[in-house]
Each structure stands twice: as structure tokens, then as C-alpha cells.
Amino acid sequence: MKIFAPFLLFCCILINAPQSAAQDGVDRIDYDALLDQKTTDWLLSTYKMLHAAPELSHHEEKTAAFFASELRKLGFTVTERIGKFERSEWTGYGVVAVLKNGPGPTVLLRTELDALPVDEKTGVPYASKVKMMNDAGVEVSVMHACGHDIHITSMLGSAKTLTALKASWHGTLVILGQPAEETIDGARAVLRDGLYTNFPRPDYVIALHDSAELETGRVGYAPGYAMASATAVDIKIRGLGGHGSQPQTTKDPIVIAAQVVMALQTIVSRENSPLDPAVVTVGSIHGGTRYNIIPDEVNLQLTVRTYKEDVRKRILASIERITKGVALAAGVPDDRAPIVKVSDTEVTSATYNDPQLAERLSRAFKRALGDDNVVKMAPMMASEDFGYLSLDQKIPAVTFWLGAVDPAKMKASKEGGDPLPSLHSARFAPVPEPTLRTGVKAMTSAVLDLMK
Ligand SMILES: [Zn+2]
Ligand SMILES: [Zn+2]
């Protein structure tokens, strides 16, 4: 990976940047003077360099090294290789950077470092051509299809801005480069490796994520539950196989699986309160080898999404009860009962944005970006592992959305044109500018407000 380096000049520009008198109890920062053409060019070239060099979860070695070296240049105390995974052969490529600036609150800012096994089809000149071995040893194309390169670049921009504005804030700034978000085991891996015991424990945790549903130049926030918990469930339905022409000698697991899939639909529609959002999706079903063989087993893979933990537990119990009940009704003997396994690794908690903190940050964003560019957004049933960093909501935490879509394309799509590519799409191409500058302004304004 190419390393990009002209930062001392950048810092001098920032140190001399204008700051006008306090308004609303907060220093008004002239972001346009801070983020001048030279700085914007640096953000763009850094973003394009990162976009062309994505790395899969558990393999973020070069991205982490680049991130660490940039923060070290700014005067942060940087520790690399943070993260202990379930599988000991995986290295934790987490980066923790600390900047102490007198007494005051400790604020942790988090960016993810990893990319996805997606073959890029955006057609941009800086598109990724990278191929890597995945954890299963298969070569796959790799792309920053979730925009974590936008997050890394915005974070470095914010780190530089905040370093230059040290006279305007007091406290301890902690920046976390988190590995393995896409596999939702990275946040737990860095916590397990002492994120909150070997480094200052934060009073607030903040992150941003680019949005494929919001115009560039704007940010969105969702107080309260913003993203769902996700739990992976494997079901093995065991029957008694035999000849396709002699069903009377078998217990057909394909028919049982079909009944299970339909019966599971009643969990959300009949057992769950309509006021508690929940999803049960069967995403994979595999069984059998050819026309005239009734197989011995069928395997299902499910994802369960909820906001509340008690709802999640109840749904998992229902899945087991219904699956076993359908097999029992089909006459499957007890020793061939279905095996329902709830994953203990492919699981993540809900993302809960502390409402008070979210409202406070939204006011800071409005001062930095203008009222029209800050919008309240609806929660969604997608998931990520940011919630773990709040330690079950003990630490106020907020992740906010950073608009990344061309407004003209957004308008055309809303008026019946082509649907916009979502996050994780091979065609998702965030508009780099003004997305990057907006990310820096929003994150900087949040920290200045919390540490003023
Ligand atoms: Zn993602
Ligand atoms: Zn993401």
C-alpha cells in the first residue's frame, strides 16, 4: 500500500485556522478555512488509495499499519495488533491511538478497517482489483463495498483537525481502528484484548457509517434503537432416507423442512407483539442429491433480528420448539430429532443510540452543517457490532449516518428511476466529496461539543 504523507504542512494550516467568537456556548469553527483545497485534496487521495487497496476481515494488516502510522505522526500514542479472536490463528489488527490533552472527559471514536468479498463493478478509476484468500482458503475479489474507507479517511481528517484545535478541547481522545466488523467479531475481540482496561475507558463512544440512502453533504441520526441484534441459527433436520418411489419406507426431511420454513413464519406474525420489531429469515436450505433419492437430512441457515434481548430469547426458543414439533408430527424418532444450533460467534447485539447523547450531537451537527443538513432517520433491522462498545448501554454511545449519495441520482430514484445500490453492492460508489469533508466536520463538531 502506498503511504501518503504531507501532513506537517496540513497541521500548520489548521493551527492558524480562524475561529470566531463563541455562539450557543460552543466555539464556532470556520470549517471551510480548516478544510481548504489542499486538505480536501489530501482527503480525496487518501480515500482513493484506501479504496484501491481493501483487505478482508481478519486480514487488515496494511490498512491498520497505514492508519497507525498516520496517527503516530500526529502525536497520538499508538498501540497496534489489538484483538483476540476465538480462532487463535487470526491476528487482531486493531489500532488504539490515545491523545491526552489535560483534564476532561474521555471520548472514543471508532472506525472499522475491513472490506468485503465483493467483485467491484462501480467503474470508478480507483476501483479495486484486489484478490485475496478468504478464511476458507478460497481466492476472492475484495472491495470496500460498505464504505469503511470513507470512515477511515474521515477519521484521519478528524484526528488532524482535532490535533490542530487542541486549544479548543480538553480531555482524552481515543481513536479505535476496529478490525473484523463485517464478520461481527471485531468489537468483542478488541474488548477481550483489554480495550477498556489497558487503555482509558471512555465516557462516550461515537462512530459514523456512510449511508446509501442519504444525500452527500448531510448526516442522519436515529435516537434509541437504531440497528437490530443479529443471531445466526443452524438447523439440521434429520429424516430417514430411501428410494424416491417408496416414501412409505422413509421420513422425508425435505417435506419436513418445507413445513418448518412455513411454520417459522408464524413466530413474528402470531407470537410476537407487533410493537416489537423482529425478523426471522431462512436464508439457506440445502438437501438431497438427485431426483429419485429421499435424503437423510436437510440443513437450514437462519438469521434472527430483534431490538430487545427478551424478544430475541423468546424467538430462539420458538424456533427450536416449532422445528422439533414439526419433526415429531412427521413421525421422526426421538434419536433423529432436529438439531437446532444457535451460533455463539455469528451473533451481535443491537445498536442503541443513547437518546440524550444523540440529541446533543444533532445540535452540534446543525451548528457545523446547517439545520437542513441534519435529519432524523428511521431505525433499521440491519446489524453491526458497534453496540458491544457501549458495554450493554453502560457507556453512552452513538453511531450516526453520513450521506454518500449523489442528490440527483437520489431524486431520480425516488421518482421511479433505477433503485440505488445498497451498502455491500458491487455498484455502491459513495460520492467522495462532499462526503469526506462532511464526515470530518460532523465528527470534529461532536468531539468539540463533548470536550469543550
Ligand atoms: Zn458492511
Ligand atoms: Zn459497514
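Here, every reference points to the structure presented above.
To keep things clear, this report deals only with the structure shown in the data block.

## What about empty space enclosed by the protein?
- Within the structure shown, the criterion is met by 3 cavities of 30 Å³ or more.
- There is about 50 Å³ of room inside the second largest cavity.
- Phe 85, Glu 86, Asp 185, Arg 188, Arg 192 and Thr 345 together form the lining of the second largest cavity.
- Along the lines of polarity and charge, the residues of the lining of the second largest cavity split into 1 nonpolar, 1 polar and 4 charged.

## Here we look at the coordination of the zinc ion (ligand 1)
- Taken together, the protein donors to the zinc ion (ligand 1) comprise Cys 146 (SG), Glu 182 (OE), Glu 182 (OE) and His 424 (NE2), at separations of 2.0 to 2.5 Å.
- The coordination sphere of the zinc ion (ligand 1) comprises 4 donor atoms, whose angles at the metal cover 55 to 149 degrees; the geometry is irregular.
- Along the chain, the residues that donate to the zinc ion (ligand 1) are spaced as C-x35-E-x241-H.
- The distance between the zinc ion (ligand 1) and the zinc ion (ligand 2) is 3.1 Å, with Cys 146 acting as a donor to both metals. Taken together, the residues Glu 182 in the loop between strand 8 (171-178) and helix 6 (186-192) and His 424 in the loop between helix 10 (407-414) and helix 11 (432-450) connect sequence positions 242 residues apart.

## A closer look at the pattern of salt bridges
- All told, the structure shown has 26 salt bridges when counted by the stated rule.
- For Glu 359, the salt bridge goes to Lys 376, with nearest N and O atoms at 3.6 Å. Of this pair, Glu 359 sits in helix 9 (residues 355-369) while Lys 376 sits in strand 19 (residues 374-376); the two residues are 17 residues apart in sequence, bridging distant segments of the chain.
- Using a relative accessible area of 26% as the deciding quantity, one classes Glu 359 as partly exposed.
- Classification of Lys 376 as exposed rests on a relative accessible area of 57%.
- For Lys 411, the salt bridge is made with Glu 415, and the minimal N-O distance between the two is 3.3 Å.
- Accessibility expressed as a relative area gives 59% for Glu 415, which makes it exposed.
- Because the salt bridges share partners, they merge into one network encompassing Asp 32, Glu 433, Arg 437 and Lys 441.

## Re the sheet that holds strand 16 (residues 297-306)
- The antiparallel open sheet is built from 4 strands, whose spatial order is 14-16-12-17. This sheet does not close on itself; its edge strands, each paired only once, are strand 14 (278-287) and strand 17 (339-348). Here the average twist between neighbouring strands, direction ignored, is 20 degrees.

## Quick look at the packing of aromatic side chains
- A complete count under the given rule lists 5 aromatic pairs for this structure.
- Relative to Trp 90, the ring of Phe 85 lies with its centre 5.9 Å away and its plane at 85 degrees, an arrangement referred to as edge-to-face. Each member of the pair, Phe 85 as well as Trp 90, carries the same accessibility label: buried.
- Taken together, a centroid distance of 4.5 Å and an interplanar angle of 50 degrees make the contact between Phe 365 and Phe 400 tilted. Here the residue Phe 365 occupies a position in helix 9, and Phe 400 occupies one in strand 20 (residues 397-405), the gap between them amounting to 35 residues. Side by side, Phe 365 and Phe 400 carry an identical accessibility label, which is buried.

## Focus on the sheet that holds strand 8
- Spatial strand order, 3-4-8-5-9-20-10-19: 8 strands in an open sheet with mixed pairing. A single partner strand is all that each edge strand has here, and the edge strands are strand 3 (77-82) and strand 19. With strand direction ignored, the average angle separating the axes of adjacent strands in the sheet is 25 degrees.
- In this structure, strand 3 lies alongside strand 4 (residues 94-101), joined through 4 bridges in antiparallel fashion. Directly across from Val 78, in strand 4, lies its bridge partner Ala 97.
- Its contacts with the sheet put helix 10 on strand 9 (204-215) and strand 20, and the angle it makes with strand 9 is roughly 60 degrees.

Rules behind the numbers
Residues numbered from 1 in each chain as written. Chains lettered and ligands numbered in written order. Predicted model: local features only at pLDDT ≥ 70, side-chain atom pairs only at ≥ 80, totals over all residues. Heavy atoms only, no water. 1 Å grid on protein atoms, 1.4 Å probe; cavity = no way out; pocket = protein on both sides within 12 Å on 5 of 7 lines; lining within 4 Å. Points joined across faces, edges and corners; volume = space filled by probe spheres on them. Nonpolar A, V, L, I, M, F, W, Y, C, P; charged D, E, K, R; others polar. Donors = N, O, S within 2.8 Å, 3.2 Å for Na, K, Ca; no water. Tetrahedral: all angles 85-135°; square planar, octahedral: opposite > 155°, others 65-115°. Helix = DSSP H or I, 4+ residues; strand = E, 2+ residues; numbered from the N terminus. Salt bridge = Lys/Arg side-chain N within 4 Å of Asp/Glu carboxyl O. Buried < 20%, exposed > 50% of the residue type's maximum accessible area, 1.4 Å probe, protein only. Pairing = 2+ DSSP bridges. Axes fitted to C-alpha atoms, helices over the stretch in contact; angles between N-to-C directions. Phe/Tyr/Trp six-rings, centres within 6.5 Å; stacked < 30°, edge-to-face > 60°. Contact = heavy atoms within 4.5 Å.

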